[in-house]
Amino acid sequence: MKNIKDALRPSRESLSRSPADERDNTTFKSASVEHPLLEALFRFWSTKKAKLGQLPSRRDISPSEIKKLLPYIAIADVIDGGLDFSFRVCGTMISEGAGIELTGKTWSSFENTQHIIERTRILVEKAEPYYLTNQRATWAPKDFQHYSVLALPLARDGKSVDMVLYGVVYQPMERRD
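Each value, and the rule that gives it
Residues numbered from 1 in each chain as written. Predicted model: local features only at pLDDT ≥ 70, side-chain atom pairs only at ≥ 80, totals over all residues. Heavy atoms only, no water. Helix = DSSP H or I, 4+ residues; strand = E, 2+ residues; numbered from the N terminus. Buried < 20%, exposed > 50% of the residue type's maximum accessible area, 1.4 Å probe, protein only. Areas by Shrake-Rupley, 256 points an atom, 1.4 Å probe, with all protein chains shown as cover. Contact = heavy atoms within 4.5 Å. Salt bridge = Lys/Arg side-chain N within 4 Å of Asp/Glu carboxyl O. 1 Å grid on protein atoms, 1.4 Å probe; cavity = no way out; pocket = protein on both sides within 12 Å on 5 of 7 lines; lining within 4 Å. Points joined across faces, edges and corners; volume = space filled by probe spheres on them. Nonpolar A, V, L, I, M, F, W, Y, C, P; charged D, E, K, R; others polar. Core = buried A, V, L, I, M, F, W, Y, C linked by side-chain atoms within 4.5 Å. pLDDT = per-residue confidence, 0-100.

Let us look at the overall build of the chain. The secondary structure content of the chain amounts to 4 helices and 7 strands. Traced from its N-terminal end to its C-terminal end, the chain shows the element sequence α-β-β-α-β-β-α-α-β-β-β. Split into buried and exposed, the 177 residues of the chain put 49% on the buried side. Element-wise, carbon and sulfur atoms account for 49% of the exposed surface of the chain, whose accessible area totals about 9,400 Å².

See the structure below:
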């Protein structure tokens with residue numbers, strides 16, 4: 001496996017995403033992860049998955065392997081097969097960017113999160129990651145910025161998704177003319 005410095009360099013690896021509904025983006029077949037931190041997280045997860053021959057579990061991920069990524073990572077438990085998600089941990093950059101601590105909270109405890117719950121429920125069902133850019137944080141007190149998110153399935157048994165590993169980076173809103 002590459003060291004973290006190498007992992008932060010952009011590559012041409014791709015994630016899945018379907019062109020079906022560009023507005024919602026809830027199904028995925030192929031799209032590249034553009035942000036270097038999220039791309040590094042995807043390569044880390046992909047390497048674990050390939051090495052194990054199945055989905056990695058939380059136990060397969062050592063924080064010491066991804067120290068530089070930790071401020072941008074959150075882990076959520078799947079509740080009732082994907083009806084909701086409860087945050088176990090939330091990185092400092094995610095909390096600062098959103099203006100709220102997510103640890104211990106569920107997606108349903110925030111307004112305007114039905115679309116997030118639905119696309120993450122699909123991740124659980126299909127056991128496939130998703131990646132979205134330029135998402136407006138309407139659920140957060142700081143709604144003046146947008147974020148990119150990479151969501152990766154984790155499974156204790158290697159198959160049934162029981163956790164979601166999120167990578168999140170905030171950026172200024174893109175102007176749309």
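More follows now that the structure is in view.
This next bit is on the side chain of serine 148. Among the structural elements, serine 148 can be located in strand β6 (residues 145-154). The class for serine 148 is buried, based on a relative accessible area of 6%. The contacts of serine 148, once residues within four sequence positions are left out, are Leu38, Leu132, Thr133, Asn134, Gly167, Val168, Val169 and Gln171.

If you walk through the whole model with that rule in mind, you get 6 salt bridges. Notably, a salt bridge pairs arginine 43 with glutamate 39, separated by 2.7 Å at the nearest N-O pair. Here arginine 43 pairs with glutamate 39, and both are found in helix α2 (residues 36-52), just 4 residues apart, close to one helical turn. Taking relative accessible area as the criterion, arginine 43 reaches 6% and is therefore assigned buried.

Computed from the structure, the largest pocket encloses a volume of approximately 190 Å³. Around the largest pocket sit Arg58, Ile61, Pro63, Ile66, Leu70, Ile73, Ile75, Arg88, Val89, Cys90, Gly91 and Leu165, which together line it. Of all the elements, strand β4 (residues 84-90) adds the most residues to the lining of the largest pocket, at 3 residues. When the residues that make up the lining of the largest pocket are grouped by side-chain class, the tally is 9 nonpolar, 1 polar and 2 charged.

Let us now look at the nonpolar core. Counting residues in hydrophobic clusters, the biggest one holds 48 residues, and the most contacted among them are Phe85, Trp107, Leu150, Leu165 and Tyr166. Only α2, β3 (73-79), β4, α3 (92-98), α4 (114-126), β5 (130-136), β6 and β7 (163-172) provide two or more residues apiece to this core.

Right, let's get into the environment of leucine 165. Looking at the secondary structure, you find leucine 165 in strand β7. With 11 residues separating them along the chain, leucine 165 and leucine 154 place their C-alpha atoms 6.8 Å apart. Other than its neighbours up to four places away in sequence, leucine 165 contacts Leu41, Ile61, Ile73, Ala74, Ile75, Leu150, Ala151, Leu152 and Leu154.

Within the chain, residue pLDDT values average 80, and 75% of them lie at 70 or more. In the model of the chain, strand β1 (residues 14-15) stands out as the element of lowest mean pLDDT, 36, in contrast to β3, which has the highest, 97. Across residues 1-31 the pLDDT falls below 50, and counting only partners more than four positions away or on other chains, this stretch makes 68 contacts in the model.

All right, on to unusual backbone geometry then. The backbone of asparagine 112 sits at a positive phi, close to 60°, despite the residue not being glycine. Among the secondary structure elements, asparagine 112 is positioned in the loop between α3 and α4. Taking the relative accessible area as the measure of exposure, asparagine 112 reaches 45% and is therefore partly exposed. The phi angle at alanine 127 is positive, at roughly 55°, despite the residue not being glycine. Residue alanine 127 is classed as partly exposed on the basis of its relative accessible area of 21%.

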